[in-house]
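Chain by chain, the residues run as shown.
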Amino acid sequence: MRKMFTLLLVSLLLAPALFAQGSKEAAPVTATPAVEAPAPAVSPATGSGSVNAYTTLEEPLAAKLFQLFEAETGIKVNFVRLSGGECVARLEAEAANPQASIWVGGVGLDHITAKSKGLTVPYVSRYTSKTPVQFRDPDSYYIGMYVGPLTFVTNTERAKELGLTPPTSWADLLKPEYKGYIRMANPNTSGTAYNVLTTILDIFGTEDKMIEYMTALDKNIDQYTKSGSAPGKSVATGEIPVAIGYAHDQVKLKAAGSPIVITAPSEGTGYELASMSLVKGGKDTVNAKKLYDWILSSPEAQKTFTEWYVVLVADGAAKHPDALSINEIKTVTQDMAWDGDSVNKTRLLDRWTNEIGNKR
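Here the structure is a predicted model, which means the values were calculated and not measured.

Some remarks on the overall build of the protein
Turning to step 1, where the next piece is worked out: On a plain count of helices and strands, the protein comes out with 12 helices and 13 strands.
Turning to step 2, where the next piece is worked out: Split into buried and exposed, the 360 residues of the protein put 58% on the buried side.
Turning to step 3, where the next piece is worked out: Pairs at least 24 apart in sequence give 83% of the contacts found in the protein among residues at least 6 apart.
Turning to step 4, where the next piece is worked out: Counting only carbon and sulfur atoms, one obtains 54% of the accessible surface of the protein, whose full area is about 13600 Å².

Rendered as structure tokens:
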């Protein structure tokens, strides 16, 4: 049995039908051209230069955020957008010669994995104290920025055409009428999808039962995408009627006018703590720390996050006016340290790959 602990949830706000993080199925994108070799670090006195970053935020959110930082500081952010699993893999592959100095966004479990693999370094920002202790690493390797639960999103028009009722429980997803009508990400590349595995593990209690459920769910999955937000985008366009993802990704689509409904599973759901880390051996450390500090402290940065319906965890952080309490959503008890441990994560992913993924 796994070690469990109760994660204290303060009275956070969550977007109405909820809210966003993840990326496109396509290859990683850059808002400013990604460079093969990192730019040299600059001295604090210059107030200029550049910093190379990896991000798991939605590309438009990342682009706006980093453009605001450059406008305010004169420091250019060269970034590449990657899913959480891709980012950990790239950091590991580049460990001997890091190509980025900071990782912004991404499921906290992936940041824990990066920490356990020795890919990141601790940093105590002067703004760290604004973030409650339960939302930051006790060893200061990563810090949480916002939370978001796993939810289901259904295209109401497609569902009506197919005679489907929007699912409201994990059990619903196994019904035969959903065969070929559900989409989710691949847990090997997506932190969102890995969070689905850990959530099912929390609900059923053992790894065998988790695999049993995921095997049954696989029969209804039409395809596994690279990133966690891609399935929801396919639902918004009507390509597929149902998807699993983070609520903030989904509410952004609903706010844009897509005919969708967002539901939370009645048995309980997992959630992400989108986080930020400094890369071990990064060559732009000075500017990376400036960006880290700015994201934690800038009112403009906080305002930008709320425009994507994410719920910031820092004390006094801005809140979206339509937000509702996360206490209205039943959540599972997550042991993030266990879930993010590289040994545990590797074992769960290997089982999913060998018993489900490789058999498609």
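Some remarks on the pattern of salt bridges
Turning to step 1, where the next piece is worked out: In the structure shown here, the tally under the stated rule is 16 salt bridges.
Turning to step 2, where the next piece is worked out: Two residues, Lys 345 and Asp 110, come together in a salt bridge whose shortest N-O distance is 2.3 Å. Taken together, the residues Lys 345 in helix H12 (residues 342-355) and Asp 110 in helix H3 (residues 108-116) connect sequence positions 235 residues apart.
Turning to step 3, where the next piece is worked out: We note a salt bridge from Arg 351 to Glu 355, for which the minimum N-O separation is 2.8 Å. In this pair, Arg 351 and Glu 355 are both assigned in helix H12, 4 residues apart and thus about one turn of the helix distant.
Turning to step 4, where the next piece is worked out: Residue class for Arg 351 comes out partly exposed when judged on its relative accessible area of 21%.
Turning to step 5, where the next piece is worked out: When salt bridges with common partners are traced through the structure, they connect Lys 115, Asp 137 and Asp 139 into a single cluster.

Here we look at helix H2 (residues 84-93)
A turn of α-helix holds 3.6 residues, and therefore any two residues three or four places apart point the same way.
Turning to step 1, where the next piece is worked out: Taken residue by residue, H2 has Gly 84, Gly 85, Glu 86, Cys 87, Val 88 and Leu 91 as its buried positions.
Turning to step 2, where the next piece is worked out: In the core, the buried residues of H2 are packed alongside strand S2 (49-55), strand S4 (102-104), H3, helix H5 (191-204) and strand S11 (271-279).

Examining the pairing of strand S9 (residues 242-246)
Turning to step 1, where the next piece is worked out: Burial analysis of S9 places 5 of its 5 residues in the buried class, which makes it a mostly covered element.
Turning to step 2, where the next piece is worked out: In the sheet, strand S6 (residues 142-155) pairs with S9 via 5 bridges, with the strands oriented antiparallel. Along S9, the bridge assignment pairs Thr 151 with Gly 245.
Turning to step 3, where the next piece is worked out: In the sheet, strand S7 (residues 182-185) pairs with S9 via 2 bridges, with the strands oriented parallel. Paired with Arg 183 across the bridge in S9 is Ala 243.

Considerations on the packing of helix H6 (residues 207-218) against H12
Turning to step 1, where the next piece is worked out: Following both chains from N to C, one finds H6 and H12 inclined at 40°, their axes separated by 11 Å at the closest point. Classed by the angle they form, the pair H6 and H12 counts as oblique. Of the two possible hands of crossing, H6 and H12 adopt the one that is right-handed. Seen from H6, the contacting residues are Glu 207, Asp 208, Met 210, Ile 211 and Met 214; seen from H12, they are Arg 347, Leu 348, Arg 351, Trp 352 and Glu 355.
Turning to step 2, where the next piece is worked out: Residue classes in the contact of H6 with H12 are distributed as 5 nonpolar, no polar and 5 charged.

Describing the layout of surface pockets
Turning to step 1, where the next piece is worked out: Roughly 210 Å³ of volume is contained in the second largest pocket.
Turning to step 2, where the next piece is worked out: Lining the second largest pocket are 17 residues; nearest its centre among them are Val 88, Thr 113, Lys 117, Lys 345 and Leu 349.
Turning to step 3, where the next piece is worked out: The residue inventory of the lining of the second largest pocket, partitioned by class, reads 5 nonpolar, 8 polar and 4 charged.

Some words on the confidence of the model for the protein
Turning to step 1, where the next piece is worked out: Summarising the model, the protein shows a mean pLDDT of 87, and 85% of its residues fall at 70 or more.
Turning to step 2, where the next piece is worked out: Residue range residues 1-46 is modelled with pLDDT below 50. Its contacts to residues more than four positions away, or to other chains, number 176 contacts.

Focus on the packing of aromatic side chains
Turning to step 1, where the next piece is worked out: The final tally for this structure, using the stated rule, is 7 aromatic pairs.
Turning to step 2, where the next piece is worked out: Ring centres 5.9 Å apart and planes at 55° place the aromatic pair Tyr 146 and Phe 305 in the tilted group. Taken together, the residues span a long stretch of sequence, with Tyr 146 in strand S6 and Phe 305 in helix H10 (residues 299-307) at a distance of 159 residues.
Turning to step 3, where the next piece is worked out: Of the residues examined, Phe 305 reaches a relative accessible area of 1% and is grouped as buried.
Turning to step 4, where the next piece is worked out: On the numbers, 5.1 Å between centres and 90° between planes, the contact of Tyr 224 with Trp 352 is edge-to-face. Here the residue Tyr 224 occupies a position in strand S8 (residues 221-225), and Trp 352 occupies one in helix H12, the gap between them amounting to 128 residues. The same class applies to Tyr 224 as to Trp 352, namely buried.
Turning to step 5, where the next piece is worked out: Here the basic side chain of Lys 252 rests over the ring of Trp 308, its NZ or CZ set 4.5 Å away from the ring centre.
Turning to step 6, where the next piece is worked out: Geometry around Tyr 194 places Lys 345 over its ring, the cationic atom sitting 5.0 Å from the centre.

Side note on the environment of Val 77
Turning to step 1, where the next piece is worked out: Mapped onto the fold, Val 77 is located in strand S3 (residues 75-81).
Turning to step 2, where the next piece is worked out: Sequence-wise, Val 77 and Phe 66 are 11 residues apart; in three dimensions their C-alpha atoms are separated by 6.1 Å.

Observations regarding the packing of helix H9 (residues 285-297) against H10
Turning to step 1, where the next piece is worked out: Following both chains from N to C, one finds H9 and H10 inclined at 65°, their axes separated by 6 Å at the closest point. As the angle between them shows, H9 and H10 are arranged roughly perpendicular. Contacts from Trp 294, Ile 295, Leu 296 and Ser 297 in H9 reach Pro 299, Ala 301, Gln 302 and Phe 305 in H10.
Turning to step 2, where the next piece is worked out: Its residues assigned to classes, the contact of H9 with H10 comprises 6 nonpolar, 2 polar and no charged.

Some thoughts on empty space enclosed by the protein
In this approach a probe as big as a water molecule rolls over the atoms, and the regions it shows empty are the leftover space.
Turning to step 1, where the next piece is worked out: A complete count under the given rule lists 4 cavities of 30 Å³ or more for this structure.
Turning to step 2, where the next piece is worked out: Considered as a void within the structure, the second largest cavity measures approximately 80 Å³ in volume.
Turning to step 3, where the next piece is worked out: In terms of lining residues, the second largest cavity is bounded by Thr 131, Gly 144, Met 145, Ile 295, Leu 296, Gln 302, Phe 305, Leu 312, Val 313, Ala 314 and Ala 317.
Turning to step 4, where the next piece is worked out: Counting only elements with at least two residues in the lining of the second largest cavity, the list comes to S6, H9 and H10.
Turning to step 5, where the next piece is worked out: A class-by-class count of the residues in the lining of the second largest cavity yields 8 nonpolar, 3 polar and no charged.

So, how was this worked out
- Residues numbered from 1 in each chain as written.
- Predicted model: local features only at pLDDT ≥ 70, side-chain atom pairs only at ≥ 80, totals over all residues.
- Heavy atoms only, no water.
- Helix = DSSP H or I, 4+ residues; strand = E, 2+ residues; numbered from the N terminus.
- Buried < 20%, exposed > 50% of the residue type's maximum accessible area, 1.4 Å probe, protein only.
- Contact = heavy atoms within 4.5 Å.
- Areas by Shrake-Rupley, 256 points an atom, 1.4 Å probe, with all protein chains shown as cover.
- Salt bridge = Lys/Arg side-chain N within 4 Å of Asp/Glu carboxyl O.
- Pairing = 2+ DSSP bridges.
- Axes fitted to C-alpha atoms, helices over the stretch in contact; angles between N-to-C directions.
- Parallel < 35°, antiparallel > 145°, perpendicular 65-115°, else oblique.
- Left-handed = near helix turned anticlockwise from the far one by under 90°.
- Nonpolar A, V, L, I, M, F, W, Y, C, P; charged D, E, K, R; others polar.
- 1 Å grid on protein atoms, 1.4 Å probe; cavity = no way out; pocket = protein on both sides within 12 Å on 5 of 7 lines; lining within 4 Å.
- Points joined across faces, edges and corners; volume = space filled by probe spheres on them.
- pLDDT = per-residue confidence, 0-100.
- Phe/Tyr/Trp six-rings, centres within 6.5 Å; stacked < 30°, edge-to-face > 60°.
- Lys NZ or Arg CZ within 6 Å of the ring centre and 35° of its normal.

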